[in-house]
Structure formats: C-alpha cells, structure tokens
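# Fold and geometry: a report
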Amino acid sequence: MTQKPKPLHSIKVDGPIPAHLARSVIEETLRSAILDGRLPCGTALRQQDLADLFGVSRMPVREALRQLEAQELLSVTAHKGAVVAPLIQGDATETYELRILLESEAMRQSIPLLTAADHTRAAGYIEELEAQHDYTEIGRLNRLFHMALYSKAPNQRLLRLVEDGLNEEERFLRFNLEAMGLGKLSQDDHRAMLQAVQDRDVELSIKLLEQHLNRGVEVITRYLATPAAQSRKAAR
C-alpha cells in the first residue's frame, strides 16, 4: 500500500539555524508553505515534529506558531493542536465587512502621507497584474498593491490586521481565482482607486475601495455556492 506523503516533507531546511534567528526563520518558512499550498488547510503542525525538522528546541517553534496564529494562518483545536486555518468559506460576507472597516481607515490615514514614489510603486503592481497569468503571482501582487496604498498609515497594529486579511484573500485567490474569473474587473477597480489616491481625494478613494471589496465578496459568495467550489472544498 502506497504511503500518503506528509506535508512537512515539502519543507526544506538548509543547515543549522542560529538560535537567535530560529523563531523568525521557522515563522517565515511555515508562512510561505501555508501561502503557497504546500501545507494545505487542515494540516496539523505538531511542535515536536517541527522541532525535529528545524533542528531546534520546542520553544522557538511554539513562539513561531503563536505568531502564525495571530496572523490567522493557524487555528488551535482540541486534540490536534495547531492546524492550518481554512480558506475563506461561508463567512465571506463577514470577512469582507471587517476588511472594509479596517482598510478604509488604513487608506484614510495613509493617503496624505503617500509620496510620488509610493504612487509609482502601486502603478507598477497594476501593470504587473495586467500582464500576469500565474494565479499564485496574481494573489501576491494583489496584496502588494493594496498594501502600497495603506503603507503610510501610522497605526502599525491596524496595518498588521489589514495585512492578515489580505493574506487570507491571497491564499483563497491562489487556489480559486482561475475558476472565478476576477482578473480584468480587479484591474479596472485598481486603476480607479489609484487615480483617486493620487488626487488625494480621500472620500472617493474609500468609496471606490468599498465598491471593489463588495464586488469581490459578491463574486466569492456566488462561487462558493457552486458545485465546483463545493467539490474543491471536499477534496481538500
């Protein structure tokens, strides 16, 4: 009988990890593996297995898992411990309602402080998105575009919460965007938002952001109700 491959086998560790870097190396390695799907939703991450993999004690592993839980990439469940969190599912409306509140405030704070270089960087992400056909890259570039508009918000805790939401969306888009067909609509919205940001029209920028996110949740909600989405969910 063929043995089912273990998800941790997809993670490569290059040599010993310096003790003072252990927590950050483990956190970033696991974060990348979760975002790109090497650690699928529902995968249990046991502290001793990770300590053996990285060649460290359980303490930095525990600290890294705590950070990933705070980013909502992991959840802690009875009997399984740390588990890779699910993608956006039936609570998509609630998820996006919260994103609208957080991202609107981040945009409000950031716009007056953005520079021409920040605008150019955001425009560059739009151009890359326009030409990109790799769905993994589309999810990443979408996150980077939004964060470029919010990046100057002085409230760092707010920015961390915003990025957590964008990370969740990035994971969802990596595995579902091809079936949803969102690409061109997103670029039209992005260009309009960037123009309003460049004009320093805060209220219009926020209005366009709300419309953009509301369109997104409508498409995602419709998609999640389709037989194709249900079969993909069951296969995970």
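Residues numbered from 1 in each chain as written. Predicted model: local features only at pLDDT ≥ 70, side-chain atom pairs only at ≥ 80, totals over all residues. Heavy atoms only, no water.

The name given to the protein in an unreviewed UniProt entry is GntR family transcriptional regulator, with the source organism recorded as Pseudomonas tensinigenes.

With that out of the way, let us pick up the overall build of the protein. In terms of helices and strands, the protein carries 10 helices and three strands. The buried share of the protein, reckoned over its 236 residues, is 44%. Long-range contacts, defined as pairs at least 24 residues apart, comprise 74% of the intrachain contacts of the protein with a sequence gap of at least 6. As displayed, the protein has an accessible area near 12500 Å², and 54% of this comes from carbon and sulfur atoms. (Helix = DSSP H or I, 4+ residues; strand = E, 2+ residues; numbered from the N terminus. Buried < 20%, exposed > 50% of the residue type's maximum accessible area, 1.4 Å probe, protein only. Contact = heavy atoms within 4.5 Å. Areas by Shrake-Rupley, 256 points an atom, 1.4 Å probe, with all protein chains shown as cover.)

So, on to the packing of aromatic side chains. Scanning the model with the defined rule gives zero aromatic pairs in all. The lysine or arginine in question, Arg 99, covers the ring of Tyr 96, its NZ or CZ lying 4.9 Å from the ring centre. (Phe/Tyr/Trp six-rings, centres within 6.5 Å; stacked < 30°, edge-to-face > 60°. Lys NZ or Arg CZ within 6 Å of the ring centre and 35° of its normal.)

Let us look at the sheet that holds strand 3 (residues 81–84). The three strands are arranged 1-3-2 in an open sheet whose pairing can be described as antiparallel. Only two strands of the sheet have a single partner each, and these edge strands are strand 1 (44–45) and strand 2 (74–77). Bridge analysis of strand 1 against strand 3 gives two bridges, and the strand direction is antiparallel. Within strand 3, the residue paired with Leu 45 across the bridge is Ala 82. (Pairing = 2+ DSSP bridges.)

Residues in a regular strand project their side chains so that they alternate between the two faces of the sheet. Bridge analysis of strand 2 against strand 3 gives four bridges, and the strand direction is antiparallel. In the strand pairing of strand 3, Thr 77 is matched with Gly 81. Hairpin connection, strand 2 to strand 3: the antiparallel pair is bridged by three residues, and His 79 has positive phi, about 75°.

Glancing now at the environment of Val 197. Of note, Val 197 is situated in helix 8 (residues 183–198). Residue class for Val 197 comes out buried when judged on its relative accessible area of 0%. For the pair formed by Val 197 and Ile 111, sequence separation is 86 residues and the distance between their alpha carbons is 6.2 Å. Look past the residues within four positions of Val 197 in its chain and what remains in contact with it is Met 107, Ile 111, Leu 114, His 119, Leu 149 and Ser 205.

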